[in-house]
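The primary structure of each chain is shown beneath.
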Amino acid sequence: MQFTAAQIAMLINGKVEGNDSATVDSFGKIEEAKASQLAFLANPKYEDFLYTTKASVIIVNESQELKEPISAALIRVPDAYSAFATLLHKYQEIMRQQLTGIQEPSFIDKTAVLGEHVFVGAFCYISQHAHIGNNVKLYPGAYIGDNVKVGDNSVILPGVKIYHDCIIGKNVTIHAGTVIGGDGFGFAPQPDGSYKKVPQIGNVVVEDFVEIGSNSCIDRATIGSTIVKSGAKLDNLLQIAHNVEVGNNTVIAAQAGISGSTKIGSNVQIGGQAGIVGHIQIADGTRINAQSGVSKSIKTPNTAVTGSPAADYTSALRSQAVTRNLPDLEKRVADLEKLVQQLLQERVPL
Amino acid sequence: MQFTAAQIAMLINGKVEGNDSATVDSFGKIEEAKASQLAFLANPKYEDFLYTTKASVIIVNESQELKEPISAALIRVPDAYSAFATLLHKYQEIMRQQLTGIQEPSFIDKTAVLGEHVFVGAFCYISQHAHIGNNVKLYPGAYIGDNVKVGDNSVILPGVKIYHDCIIGKNVTIHAGTVIGGDGFGFAPQPDGSYKKVPQIGNVVVEDFVEIGSNSCIDRATIGSTIVKSGAKLDNLLQIAHNVEVGNNTVIAAQAGISGSTKIGSNVQIGGQAGIVGHIQIADGTRINAQSGVSKSIKTPNTAVTGSPAADYTSALRSQAVTRNLPDLEKRVADLEKLVQQLLQERVPL
Amino acid sequence: MQFTAAQIAMLINGKVEGNDSATVDSFGKIEEAKASQLAFLANPKYEDFLYTTKASVIIVNESQELKEPISAALIRVPDAYSAFATLLHKYQEIMRQQLTGIQEPSFIDKTAVLGEHVFVGAFCYISQHAHIGNNVKLYPGAYIGDNVKVGDNSVILPGVKIYHDCIIGKNVTIHAGTVIGGDGFGFAPQPDGSYKKVPQIGNVVVEDFVEIGSNSCIDRATIGSTIVKSGAKLDNLLQIAHNVEVGNNTVIAAQAGISGSTKIGSNVQIGGQAGIVGHIQIADGTRINAQSGVSKSIKTPNTAVTGSPAADYTSALRSQAVTRNLPDLEKRVADLEKLVQQLLQERVPL
């Protein structure tokens, strides 16, 4: 699709300077852009490229001064980076809205219900009594189990598998390869050392405006629901065990793992590769550093923790500093031992 | 499907109290159950819900006393929780047995052999000379490589990929997205700094009654077999490298990783995100705490370890306690240094 | 396929001893091999099996002495293990070259371009304007997004998903379930505590001779490219975040994670489960131990680090040793405190 500088300026409330019928058909970085591309300049470090770039249209800050004449059309806005991001978002939405229809071959059970403007990619599988909302986009090879509900405007990327009975909210995005609703890891030890499976008959509920990365796993509850609340953002390769709750607007970075039945509050930030044991509570606003291992409930909101086992951030950093100097500390103790020994030998007997 | 209280009581050897023709068609938690649902009460904390729940049938302990009359039919059993779990298990088995037949489109090589009562979901791919046992259920989008054998009664969930020559036992369950038999990570360094692939021509053998979670990876052996022995239970997102052996009834929690050629004994318990280096042995009954890093063989059975590098559990906990108090210990040393300095200055010259 | 001892000897420049028309049709370990299998002996520990194995042909070192007559045909080479590996590699290449053609059903957009001798497995999806090079093998269920390029001789295993605009080089291997080009994890916090997605419009570039394991995730750049350079070898379940660069011939073991915008140099070795924070540089030849947490740039080439937070390998090992003896050190301090107290009480007042 082609857009003119004037059309773009309208979308982002900017003012065109130069040729307002200059056209662009794609995006580029200012240092690499070709003719007919749109670029932006936000970071002053890149200012020199303004005079050498081949981009046809450039979004700049209102305050940007020019040292030389420029051939590209400029669009001036209060904040060039955020205007550029807004533009991209709108562009991607437009492209995605154009994706509609049912590609063949796909497998749609006759009891499944599909909303309007739905896209079903080839090799998608939609099981009995599934309910797919309006404007939902199912990319190729997605698997939707029995009775699953996917809310309006949600986007399910290639090869996502959603087991039976799970419920996905509106405006949710789930990236490729993620598995929603696999069995929780529950096995009862038997007297002979073997294990007997504890049936996992709950489900997973993913609320509105959640985004989940690639190849993550969110297990179904033993009974009841594993819940990811509205606005939570989950990265790649996460383990969310059975009966966990993830609070509103909580952010979890890649490769972190939450064990069974733990309840994470709202606006919590969990770093990459962090682990949290089962059956504990994490207060709202907690910040858990990457690679931390949290083994106890955190009850005070807005606490920051680090380390494994995790401890208060400030005191953990102090311990780490002393730990690094431990060989030194040991030498100080050895020196003291010598001196005290000397003093003991020299002392005047009472 | 609908069941009466009397039918359910027969399945779990219980005694009905109340209306034995009350019918249920699904399961619920006692605190949320609706009419026509079956619930159970095992935990005394939830006893009050017995008098308010809308469930039509409730499984309770034999010993349960009633403070008020109850409208639901009760089924009394020695252990309500375990009876409920048994029931669910039977229910899921019945549902799964009903899954049979070959959905279209699927791809089944003409040299592949399929047993009786098999289910092949749409978009499944079964390669040359594969052998699928009786009652096996292949969910949609499963990939079965050349010469793969899948034993009777095994269940392969959506999008599982099993590379050529791997052998899956009987009564095995493998959850969505797991990859069995990908190439082990073997590369020989060359004089110019590049790496040359070491061909991985072994396979993976998964014995009977094993369960494997979602998005896990079990790599094929360089030569010979990577083996997961009978009764082992493996969680999500695991890395099991080439030529590893996992012993009978060993349990491995999510995101743990076992490096190449390591042999894990029987009845070992490995916590989430733990890592084990290559080419070591782990004795039977070892318990490895979450996030531990095991760098040496563990030779004494039933040892418990924690930390990275992992150490004996009790002494590691003691070290951790002292570590937390390190800033304090450093202050004590500094105080001693001052006092000893003072004593040295005050000493009576000999 | 069947090969004679003479044919095999030609492929690996060896000399046959015994029946040079002995035929084999598969490979086996010397201790388990059956008749009509090819085995090798490199490790003297296994020498006894030379006299008991049922293998029809055995590759041995030139220098191998025989204590008894042997029924199998021997092939003598300077280095038996490496000759065996070479042979396997050639065998697998031959087998893979035979894979060609387009299986049905598959989905190939009419604007996609396919090279010669390509294999497209059933259930593969090739999107608009994708370009598949010569001799590329796409295993069943692979997903290739819009505008993706896959270079000559690359092998894409089952269920790999490559998002739009990503570029895969020549002679690349990507194992099952891996996701290339999922959205980077970028969300801007809003005043109300919610997060707004930062569009991720860059791509992923995987250069020539790269191998990537199973179920790994390499996210697309926010703008520009996430890059994996020529010859890098990546294991299973890796997280490579947006805008990361992985240098030439760098090796990354399973379950490691690299955060956004970090640049990894050439010939770096990263152990399993290691984590690296975002926006740092790692010098060429750095060795990062398993489970390390690297929080600062490493500027000196060929440094070895370990621990979380990671520190120089030698000093970290010294700290770890002292840490293990901490309870002991604390006792020494307590003893000193008692002695000094005693000395203070005994001192002769000035």
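Conventions used here
Residues numbered from 1 in each chain as written. Chains lettered and ligands numbered in written order. Predicted model: local features only at pLDDT ≥ 70, side-chain atom pairs only at ≥ 80, totals over all residues. Heavy atoms only, no water. Helix = DSSP H or I, 4+ residues; strand = E, 2+ residues; numbered from the N terminus. Rg over C-alpha atoms; globule rule 2.2 N^0.38 Å. Buried < 20%, exposed > 50% of the residue type's maximum accessible area, 1.4 Å probe, protein only. Contact = heavy atoms within 4.5 Å. Areas by Shrake-Rupley, 256 points an atom, 1.4 Å probe, with all protein chains shown as cover. Phe/Tyr/Trp six-rings, centres within 6.5 Å; stacked < 30°, edge-to-face > 60°. Buried area = accessible area lost by both parts, 1.4 Å probe. Salt bridge = Lys/Arg side-chain N within 4 Å of Asp/Glu carboxyl O. Polar contact = N/O pair within 3.5 Å; in protein donor to acceptor, adjacent residues only side chain to side chain. Nonpolar A, V, L, I, M, F, W, Y, C, P; charged D, E, K, R; others polar. Least-squares fit on C-alpha atoms with pLDDT ≥ 70 in both. Pairing = 2+ DSSP bridges. Domains from an automatic or database assignment.

Notes on the overall build of chain A
The secondary structure content of chain A amounts to 4 helices and 40 strands. The C-alpha atoms of chain A give a radius of gyration of 28 Å, which is well past the 20 Å a tight globule of 350 residues would have. A total of 350 residues make up chain A; the buried ones form 56% of that total. Long-range pairs, those at least 24 residues apart, make up 18% of the contacts in chain A with a sequence separation of at least 6. For chain A, the exposed area adds up to about 14,600 Å²; of that, 50% sits on carbon and sulfur atoms.

Here's the deal with the packing of aromatic side chains
Across all of its chains, the model carries 30 aromatic pairs over all chains by this definition. Here the aromatic residues Phe27, Phe40, Tyr81, Phe84 and Tyr91 of chain A are joined through ring pairs into a cluster of three or more.

Some remarks on the interface of chain A and chain B
Across the contact, 61 residues belong to chain A and 60 residues belong to chain B. For the chain A and chain B pair, buried surface summed over both sides reaches about 4,600 Å², with 66% attributable to carbon and sulfur atoms. Linking chain A with chain B are 3 salt bridges, by the criterion used here. For the salt bridge of Glu337 of chain B with Arg332 of chain A, the shortest nitrogen-to-oxygen distance reads 2.9 Å. Summed over the shared surface of chain A and chain B, the result is 19 residue pairs in polar contact (both at pLDDT 80 or more). Taken together, the elements giving at least two residues each to the side of chain A that touches chain B come down to strand 21 (179–182), strand 23 (195–197), strand 26 (217–219), helix 3 (313–324) and helix 4 (326–346) of chain A. Among the elements that make up the side of chain A that touches chain B, the one with the highest residue count is helix 4 of chain A (10 residues). Residue composition of the side of chain A that touches chain B, grouped by class: 30 nonpolar, 23 polar and 8 charged.

Description of the relation of the copies chain A and chain B
Rotating chain A by 120° and moving it 0.0 Å along the rotation axis overlays it on chain B with an RMSD of 0.2 Å. The symmetry that links the two subunits is that of a three-fold axis.

As for the pairing of strand 7 (residues 73–77) of chain B
All names here are of chain B. For strand 7, the buried fraction is high: 5 of the 5 residues fall into the buried class. Of the two faces of strand 7, the one holding Ala73, Ile75 and Val77 and the one holding Leu74 and Arg76 are both buried throughout. Pairing geometry for strand 2 (residues 15–17) and strand 7, over 3 bridges, is antiparallel. Bridge assignment links Glu17 to a residue of strand 7, and that residue is Leu74.

Some points on the domain arrangement of chain A
Per the domain assignment, the segments of chain A are domain 1 (3–97), domain 2 (101–314) and domain 3 (315–346). When each unit is reduced to the centre of its C-alpha atoms, the spacing between domain 1 of chain A and domain 3 of chain A is 62 Å.

Digging into the interface of chain C and chain A
Each side of the interface is counted separately: chain C has 60 residues, and chain A has 58 residues. Overall, the association of chain C and chain A removes approximately 4,600 Å² of surface from exposure, summing both partners, and the carbon and sulfur fraction of that is 66%. Seen at the junction of chain C and chain A, the total is 3 salt bridges. There are 19 residue pairs in polar contact (both at pLDDT 80 or more) connecting chain C and chain A. Only strand 21 (179–182), strand 23 (195–197), strand 26 (217–219), helix 3 (313–324) and helix 4 (326–346) of chain C provide two or more residues apiece to the side of chain C that touches chain A. A per-class count over the side of chain C that touches chain A returns 29 nonpolar, 23 polar and 8 charged.

Here's the deal with the sheet that holds strand 30 (residues 245–246) of chain C
Residue and element names in this part refer to chain C. Read from one edge of the open sheet, 9 strands run 10-13-16-19-24-27-30-33-36, paired in parallel fashion. A strand with exactly one partner marks an edge of an open sheet, and here the two such strands are strand 10 (113–114) and strand 36 (281–282). Here strand 24 (residues 203–206) pairs with strand 27 (residues 225–228) via 4 bridges, running parallel. In the strand pairing of strand 27, Val206 is matched with Val228.

Details of the sheet that holds strand 27 (residues 225–228) of chain A
All names here are of chain A. Across the sheet, which stays open at both edges, the 9 strands sit in the order 10-13-16-19-24-27-30-33-36 with parallel pairing between neighbours. The sheet terminates laterally at strand 10 (113–114) and strand 36 (281–282), the two strands that pair on one side only. When strand 16 (residues 149–150) meets strand 19 (residues 167–168), the two strands line up parallel, connected through 2 bridges. Bridge pairing in strand 19 places Lys149 opposite Ile167.

Some points on unusual backbone geometry
A cis amide bond links Glu104 of chain A to the next residue, Pro105 of chain A, at an omega of 0°. The residue Pro105 of chain A is located in the loop between strand 8 (101–102) and strand 9 (107–108) in this model. Despite not being glycine, His117 of chain B shows a phi value in the positive range, around 55°. Counting through the fold element by element, His117 of chain B comes out in the loop between strand 10 (113–114) and strand 11 (119–120). A relative accessible area of 53% means that His117 of chain B is categorised as exposed. In this model, His279 of chain B sits at a positive phi of 65°, which is unusual for a non-glycine residue. Within the secondary structure layout, His279 of chain B lies in the loop between strand 35 (275–276) and strand 36 (281–282).

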